[in-house]
Amino acid sequence: MALFSIDHKHFIFVLIVVVSFAVAQITEDPYKVLGLNRHASNQEIRKAYKQLAKEWHPDKNSHPDAELKFVQIKKAYELLSDSDRRRLYDQHGVTNEDSHMYKQKHDYSNYGRFATDPLEEFFGKQFHFDHDISIYHKLSVTTNYYEQTILEKSRSVPYILMFYNDWCFRCTRLVGAFKKLIDILEPLGVQFATVNAAHEQRLFRNAGLNDLPSMVFVLNGHNYVYRENTISAQKVVDFIRKKLPYRMAVKVDDSNIDDFLNGWMDNKVRALILEPRNQTRLRYLLAAFQFRNRVQFGLVHLDNANCKDIRERFQIHPNLDTLLIFNEYVERPVASVSMADIPTQTLNSIISSNQYLMLPRLSSQEILEGICPAEWNRPRKRLCVVLITENSDEHNFARGALRNIALQSAYSLEKVRFAYIYKEKQLDFINAISQGSENEKLLRIVVLWRRDTSHIKYEWVHDASLDLKDHPSSDHLINHTKQQIDHTIQKLLKTSEALSYEAFVKNLLDEHAQGFIHSWITKVFNIYDYLVDTIEEQHVLAALSLLGTIAFMFAVGYVMVYFVRAEEENLKAKGELSPKGGAKANRQQPELRLHELRAEKYNGLIRLLKPGCRTIILITDLQSRPKLIPPFHKAVWPYRRNKTLMFGHMLIDKGLSWYSELLRQGLGDSKTLHINPRNCVGTVLALNGHRKYFCMYHAKHPETTRGVKRMEKITRQLIQRPDDPEIGAFFNPANSDDSEDNEPKVLLEGNLLDGLSNWLDRLFEGSTHRYYINYWPEFPTK
C-alpha cells in the first residue's frame, strides 16, 4: 500500500492537469466544424462559414440540433478568423477566448523552475491567491480603444498603461504593487488601464516595448516608458512629475503677484495654490495640466520669506493648503478653499465652475462650447450675449462697460453668459451673422442661441451701443445699453418667443494655436524628453565611444595632411618639386592605353565584351610598329574618354591564322585564304564582340577609296562645265587627272593611316560596312 501513497498537494496538482487535459479534449476542433484543413486561407474560412451558417440557421433548419450546430459554427469562425487566436490554437490547442496562452514557451529559469513543490510553481508559496491577475482583465483595453479614446483623453487626464501577459509570472508578482499604485494615484487624477500584449501586439510594438511587464505613461498624446526595475509609488510619482509640461505653473511671490493676477488679458482665469511646503503636491500639478488651456496657475510656497505680503493680503492659514481663483477683479478671489489636503474632486469642481472670466473672449471653438453650449430644446435654451470689438485700446471702455453689466446681471450663468469677440480674428463668424445688422458691426451686441454645433439663431440688441461717439455721457450710455440687453433677454427667454435670424457657421479660429516657431520648439522639447526617457547609460557610452573614435580619426588625418603639406613646402624650398606640381599634373592628365592583342587578353578584349562595347585594333609587324602606332594613337585620341571603346594593336606574325579565319568568315568563302602578311600592315579592325561583326579600314580597301574617287569625279564634272567660267578660279584643271590609272600603286608606311580619322567618323555614324561572322575564332597561343 505504501507504494501507492501520494501527498495531497501532488494529488491536487495531478488532478488539475487531468481536468485541463479533459477539457481540452472535449472542445470541438474548429477546422473539423467548418470542414477545412489547417492550411485554409481566410477567404476559404469565410466562404465555409457563410455556407454552413445559411444551412444550419435555426430559422431555416428544423433539425433538433440545428441551434447547437449553428453556435459551434459561429464559435469556430470567430476563432479562426482572429489571426492571434488561430495561431494560439494551432500552437497550443487553446479554443477558449478567455484563456489566451503565451505564444512561445516561457523561460522558467528565473522563477524557481526546479522547485520541489509543483503547487508552488503554479500558485506561489502557501497558495497565495492574492496574485490573481483578474485586475488586469477588468482594466484591459484594445488598440482601437487606446487610439480613439485614451489618446484623446490624455490631453487633459494622464493615463498609466500596464502591458501584461496571462502567462507572465513577473506580471503576476506585480499585481499587488499595481493595485497599490491604483489606490494611491487614482484619487489624484491618474487613470489606469491594462493591455494584453499577446492580443495587442501592434500597440505593444508601437509603444517601443521589448519585455513584460512594462508600464507606459500616456500624457498629451505621447507615450513615456517607465524603465525603473522596481515599481514603487514614490518612483512613479517622480517619473510623472518629470513628464509634465515645462513651466506649466508659475512660481509666485511678493515681487510678481500683481503682474500674475493682472495678466488675465490672455483670456485665462488666475488660480493661486498656496502650500506650506517647498514641493507642490502632484494632485495640484495634475489639475494645472487638466485646466491649462483655461486657467493660469501660480504656485506659492508659504515657507518662503518672500511670500509674507501674500499671506497677509489674502489672510492665508500658514499650515493649510489654499486654492484662490481670480477673474478680472483681482482684489478678492471669486472662489477659495483651505484644507489640510484638498481632495481632487473638490479641487476640480471648484476650478471647473470658475474656469471662465466674467467677460471671456470667444477665441476658440472650445471656449464657445463651454460658454455657449448647444441646446436644441427651446425651453432649455441658453443665451450668449456677445460684444463685437477689435483688438485695440480704443475698445477697452466698451469691454469694461459690458463686464460691469455682466457683473450686475441677475440671470443665472446656466441661462445667460456674456462674452466679446475680435472681429479681425473671427471674420468668417462675424460675416455669417451679418443679417439684420447695420453696415458697421463694431461695438454692436448680438444674442446667440446655438441649436447645434453649426446652426445658430441670433437677435441683435437694437438701440444698444457701447460706442462713446454715439453718446456724450458714459453713465447714460451704460444704463441705456443695460436696459436694452435686459429687455431683449427677458423677451428671448420666453418659450414662445423666437429669435429673428439664423445662420450656419464654421468652427471658430483657434487664436491660441501655436505658431510655426513655437510648435517646432515644442517638438524639440518632446524629442529631448523622448531621448532622455529611452536612451540608457550603455547607449550613451556607446555613442560617446563612436564619436570619440571618429574625432580621433579626423585628428590623425589632419596631422598626416599637415606633415605632407610641410614636406611639400620643404621640397619646394629646396627646388626638388615644381611649384606648379608638374608631376602631379602629369599624373592627372588622362592617358590612352593601347593593349597588345595576345592569347591571354583575347577574351577580355573581344569575346567577353559587354553589349554596346567595341575594340579597335591596329595590325602591324615588328618593322612597322614604331612608325604606325604614333599616328594611330593620334587618330583615336579624341575618343579616349568613351567608356565603350578599347584600343589595341596586334602583330600580324602572331595572329595571322586568326586574322585569316576572320576574313574567311566575313567574306563567306569556304576555302582557306592565303594572305601575304606584309599587305595586312596598317589595317584597322573595329570588333563588336557581343554582336559578332567587324568593320575594316585599309588604305587600299575599296570602302576607303570610294570617297576620294567620288570627290575626283565631282571635280571633273565641274571643270567640264562651259557655262561657268569662274570655276577655274577654284579648280586647276592641270591638277585633275581623267584617268584612274594615275593612282599610285605603292603606299609608304607613313601614309597608311592618313584616312583613318575620316573612317572613324563614318564608323561612329554607322555608315561603314559590317562583316558578320558565325563565331570568334581561337587566337593562337604561340
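As the structure is a prediction and not an experimental result, all values here were calculated from the model.

Calculation criteria
Residues numbered from 1 in each chain as written. Predicted model: local features only at pLDDT ≥ 70, side-chain atom pairs only at ≥ 80, totals over all residues. Heavy atoms only, no water. Core = buried A, V, L, I, M, F, W, Y, C linked by side-chain atoms within 4.5 Å. Buried < 20%, exposed > 50% of the residue type's maximum accessible area, 1.4 Å probe, protein only. Domains from an automatic or database assignment. Contact = heavy atoms within 4.5 Å. Helix = DSSP H or I, 4+ residues; strand = E, 2+ residues; numbered from the N terminus. Expected span 1.5 Å × (residues − 1). Arc of directions from axis to C-beta. Pairing = 2+ DSSP bridges. Axes fitted to C-alpha atoms, helices over the stretch in contact; angles between N-to-C directions. Disulfide = S-S within 2.5 Å. Lys, Arg positive; Asp, Glu negative; His and termini not counted. Salt bridge = Lys/Arg side-chain N within 4 Å of Asp/Glu carboxyl O.

Student: I'd like a description of the nonpolar core, backed by residues and values.
Tutor: By size, the foremost hydrophobic cluster in this structure holds 85 residues, and its most contacted members are Tyr-136, Phe-163, Leu-185, Leu-272 and Leu-323. Looking at this core, you find at least three residues from each of domain 2 (133-243) and domain 3 (249-354). Every residue in contact with Leu-272, bar those within four places of it in the chain, is listed here: Val-252, Ile-257, Phe-260, Leu-261, Gly-298, Val-300, Phe-314, Thr-322, Leu-323, Leu-324 and Phe-326.

Student: Explain helix H3 (residues 42-56) residue by residue, including any values.
Tutor: Over its 15 residues, H3 extends 21 Å from the first C-alpha to the last, a length consistent with the 21 Å expected when each residue adds 1.5 Å. Here H3 has its buried residues at Ile-45, Ala-48, Tyr-49, Leu-52, Ala-53 and Trp-56. Relative to the axis of H3, the buried residues are bounded by an arc of 125° and lie together on one face. Summarising the geometry of H3, the exposed residues directed more than 90 degrees from the buried face are Gln-43, Lys-47, Lys-50, Gln-51 and Lys-54.

Student: Describe the sheet that holds strand S9 (residues 335-339), listing the residues and the values that go with them.
Tutor: Here five strands make up an open sheet; going across it, the order is S5-S7-S6-S8-S9 and the pairing mixed. Each of the sheet's edge strands pairs with one partner strand only, and the pair in question is strand S5 (249-251) and S9. Across the sheet, the mean angle from the axis of one strand to that of its neighbour is 20°, orientation sign disregarded. For strand S6 (residues 269-275) and strand S7 (residues 295-301), the ladder comprises seven bridges, and the chain directions are parallel. Residue pairing in the sheet places Leu-274 in a bridge with Val-300 of S7.

Student: So what's going on with the state of the cysteines? Which residues, and what values?
Tutor: Counting across every chain of the model gives one disulfide. Covalent S-S linkage joins Cys-372 and Cys-384, the inter-sulfur distance amounting to 2.3 Å. Of this pair, Cys-372 sits in the loop between helix H17 (365-371) and strand S10 (383-389) while Cys-384 sits in strand S10, placing them 12 residues apart in sequence. Taken as a pair, Cys-372 and Cys-384 share a single burial class, namely buried.

Student: Which residues make up the sheet that holds strand S2 (residues 191-196), and what are the values?
Tutor: If you trace the four strands from one edge of the open sheet to the other, you get S2-S1-S3-S4, paired in mixed fashion. Edge positions in the sheet fall to S2 and strand S4 (222-226), since each has one partner strand and no second. Mean inter-strand twist for the sheet, computed between neighbouring axes without regard to direction, equals 25°. Sheet topology places strand S1 (residues 159-164) next to strand S3 (residues 214-219); five bridges connect them, and they run antiparallel. In the strand pairing of S3, Phe-163 is matched with Ser-214. This element, helix H8 (residues 143-153), spans S1, S2, S3 and S4 of the sheet and lies at about 140° to S1.

Student: How would you sum up the pairing of S1? Please name residues and give values.
Tutor: Each regular strand carries side chains that alternate between the two faces of the sheet. Along S1, six of the six residues are buried, which leaves the element largely enclosed by surrounding structure. Neither face of S1 is left uncovered, since the one carrying Tyr-159, Leu-161 and Phe-163 and the one carrying Ile-160, Met-162 and Tyr-164 both have all their residues buried. Here S1 pairs with S2 via six bridges, running parallel. Bridge pairing in S2 links Leu-161 to Ala-193.

Student: Describe the environment of Ile-316, and please don't skip the residues or the numbers.
Tutor: Within the secondary structure layout, Ile-316 lies in the loop between helix H15 (308-314) and strand S8 (321-326). Setting aside anything within four residues of it in sequence, one finds Ile-316 in contact with Leu-274, Leu-302, Ile-310, Arg-311, Thr-322 and Leu-324.

Student: Pulling in residues and values, what's your account of the environment of Val-416?
Tutor: Examined against the element boundaries, Val-416 turns out to sit in strand S11 (residues 416-422). Its relative accessible area of 2% is what places Val-416 among the buried residues. For the pair Val-416 and Leu-448, spaced 32 residues apart in sequence, the C-alpha separation works out to 9.9 Å. Excluding residues within four positions of it along the chain, Val-416 makes contact with Leu-383, Val-385, Tyr-411, Ile-489 and Leu-493.

Student: Please provide a residue-by-residue account of the side chain of Arg-294, values included.
Tutor: Mapped onto the fold, Arg-294 is located in the loop between helix H14 (282-290) and S7. Buried within the structure, Arg-294 lacks any salt-bridge partner; Glu-366 is the closest side chain of opposite charge, at an N-O distance of 6.3 Å. Leaving out residues up to four positions away in the same chain, Arg-294 has contacts with Asn-267, Lys-268, Val-269, Gln-355, Tyr-356 and Ile-367.

Student: For the pattern of salt bridges, give the residues involved together with the corresponding values.
Tutor: Per the counting criterion, the structure on display carries 22 salt bridges. Residue Asp-321 is joined to Arg-277 by a salt bridge in which the shortest nitrogen-to-oxygen separation is 3.0 Å. In this pair, Asp-321 is assigned in strand S8 and Arg-277 in the loop between S6 and H14, connecting sequence segments 44 residues apart. Among the residues examined, Asp-321 registers a relative accessible area of 1% and is labelled buried. A relative accessible area of 22% means that Arg-277 is categorised as partly exposed. Between Arg-678 and Asp-621 there is a salt bridge whose closest N-O contact spans 2.7 Å.

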